[in-house]
Amino acid sequence: TGSVELDDNSGLTSLSLPSLEKVDGSILIQENKKLSSLSLPALKQVGGALDTVKNAQLEALSVPQLVSVGGVKLHDNPALSTLDMCRLVSIDGRLSINAHELTALSLPNLELLTGSLTLIAGADAETKIETISLPHLREVQGHINLRNLGVLSSIILGELKSVGIRLQLENL
């Protein structure tokens, strides 16, 4: 499959693509006002980015078989409380998350991030992230930027050996 785009679908409440295993391009899910659940249970590889942006009611994003992706951006999904990417091993790009209802970021198998890791809450937004668990992450070639995460109490980076640019923890 080349790319997948869901853009400005005002009536769509859920999407499941149970047989989709590979996307050579990118996946863009944006401005779907009523979308509450996105399930890609067989997806293993995305050549480009997986971007989910401005989906006001998106509560759950499930990609449990995903092993590699060209980048992940989860921004302005204020209801997002469930993220399942439990088999993800490598991100060939950035991981950027701004999700107000997400209480934990757990990527138990992530080993390599060629871009940067960014988790930031805006000055006027609260975040509920209490735990960041990336126990097998060994290398981040860009930076790690964790900022304005007021309730964050635990960061697990047990195997981290290398950060390419900088590790910045601010206002935690």
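The sections below set out a description of the structure shown in this document. Just so we're clear, the structure is a prediction, and the values are computed from it rather than from any experiment. (Residues numbered from 1 in each chain as written. Predicted model: local features only at pLDDT ≥ 70, side-chain atom pairs only at ≥ 80, totals over all residues. Heavy atoms only, no water.)

### Remarks on the overall build of the protein chain
Just so we agree on the cut-off: Under the DSSP-based scheme used, a helix requires at least four consecutive residues in state H or I and a strand at least two consecutive residues in state E, with every element numbered from the N terminus. Each radius of gyration reported is based on C-alpha atoms, and the globular scaling rule is 2.2 Å times the count of residues to the power 0.38. Under the scheme applied here, a residue whose accessible area is under 20% of the maximum for its type counts as buried, over 50% as exposed, and between as partly exposed, the area being computed with a 1.4 Å probe on protein chains only. Whether two residues are in contact is decided by their heavy atoms, any of which lying within 4.5 Å being enough.
Within the protein chain, the regular secondary structure consists of zero helices and 22 strands. Its C-alpha atoms give the protein chain a radius of gyration of 15 Å, within 12% of the compact-globule value 16 Å for 172 residues. Seen along its three principal axes, the alpha-carbon backbone of the protein chain occupies a region of about 40 × 35 × 20 Å. By residue count, 42% of the 172 residues in the protein chain fall in the buried class. A separation threshold of at least 6 residues defines the contact pool for the protein chain, and within that pool the share at least 24 residues apart is 27%.

### So, unusual backbone geometry
The phi angle at Asp8 is positive, at roughly 60°, despite the residue not being glycine. The exposure class assigned to Asp8 is partly exposed, which follows from its relative accessible area of 45%. One non-glycine residue, Lys54, adopts positive backbone phi at about 55°. Structurally, Lys54 is set in the loop between strand S7 (50-53) and strand S8 (60-62).

### With respect to the pattern of salt bridges
Worth spelling out the cut-off: For salt bridges, the criterion is a side-chain nitrogen of Lys or Arg within 4 Å of an Asp or Glu carboxyl oxygen.
Inspection of the entire model under this criterion finds five salt bridges. Glu101 is the salt-bridge partner of Lys128, the closest N and O atoms lying 3.0 Å from each other. Pair noted here: Lys128 is in the loop between strand S16 (117-120) and strand S17 (131-133) and Glu101 is in the loop between strand S13 (95-98) and strand S14 (104-106), with a separation of 27 residues, a long-range link.

### Some remarks on the environment of Ile144
Summarising the element assignment, Ile144 is placed in strand S19 (residues 144-147). Residue classification places Ile144 among the buried positions, given a relative accessible area of 1%. For the pair Ile144 and Ser116, spaced 28 residues apart in sequence, the C-alpha to C-alpha distance is 5.9 Å. Discounting residues that sit within four places of it in the chain, Ile144 has contacts with Leu117, Leu160, Val163, Arg166, Leu167 and Gln168.

### Some points on the nonpolar core
We count it as follows: By convention a nonpolar core is built from buried Ala, Val, Leu, Ile, Met, Phe, Trp, Tyr and Cys residues, the set being connected through side-chain atoms within 4.5 Å.
If you look at the biggest cluster of nonpolar residues, it comprises 44 residues, and the most contacted ones within it are Ile27, Leu43, Leu119 and Ile132. The set of elements that each furnish at least two residues to this core consists of strand S1 (4-7), strand S4 (27-30), strand S10 (72-75), S13, S16 and S19. Those residues within four positions of Leu119 in sequence are excluded, and the remaining contacts are Ile97, Leu105, Ile129, Ile132, Asn145, Leu146, Arg147 and Leu149.

### Some points on the environment of Gly115
Here Gly115 lies in the loop between strand S15 (112-113) and S16. C-alpha separation for the pair Gly115 and His143, spaced 28 residues apart in sequence, amounts to 7.4 Å. Sequence-distant contacts of Gly115, that is, excluding residues within four places in its chain, are made with Gly93, Arg94, Val140, Gln141, Gly142 and His143.

### Some remarks on the sheet that holds strand S5 (residues 37-39)
Let me state the cut-off plainly: One requirement defines pairing of two strands: DSSP has to find at least two bridges between them. Simply put, an axis is a line fit to the C-alpha atoms, just over the touching stretch for a helix, and the angle between two N-to-C directions goes from 0 to 180 degrees.
Reading across from one edge, S2-S5-S8-S11 is the order of the four strands in this open sheet, with parallel pairing throughout. Across the chains shown, the open sheet's two edge strands, defined by having one partner strand only, are strand S2 (14-16) and strand S11 (82-84). Averaged over all pairs of adjacent strands, the angle between strand axes in this sheet comes to 5°, irrespective of strand direction. Two strands pair when backbone bridges link them, and S5 and S8 are joined in this way by three bridges, in the parallel orientation. Each residue of the ladder has a partner; that of Leu38, found in S8, is Leu61.

### Looking at the pairing of S4
Residues Ile27 and Ile29 point to one face of S4 and are all buried, whereas Leu28 and Gln30, pointing to the other face, are not buried. Note: S1 against S4, four bridges, orientation parallel. Each residue of the ladder has a partner; that of Glu5, found in S4, is Leu28. The pairing of S4 with S7 spans four bridges and is parallel. Residue pairing across strands places Leu28 opposite Asp51, the latter belonging to S7.

Honestly, it's all geometry; don't read function into it.
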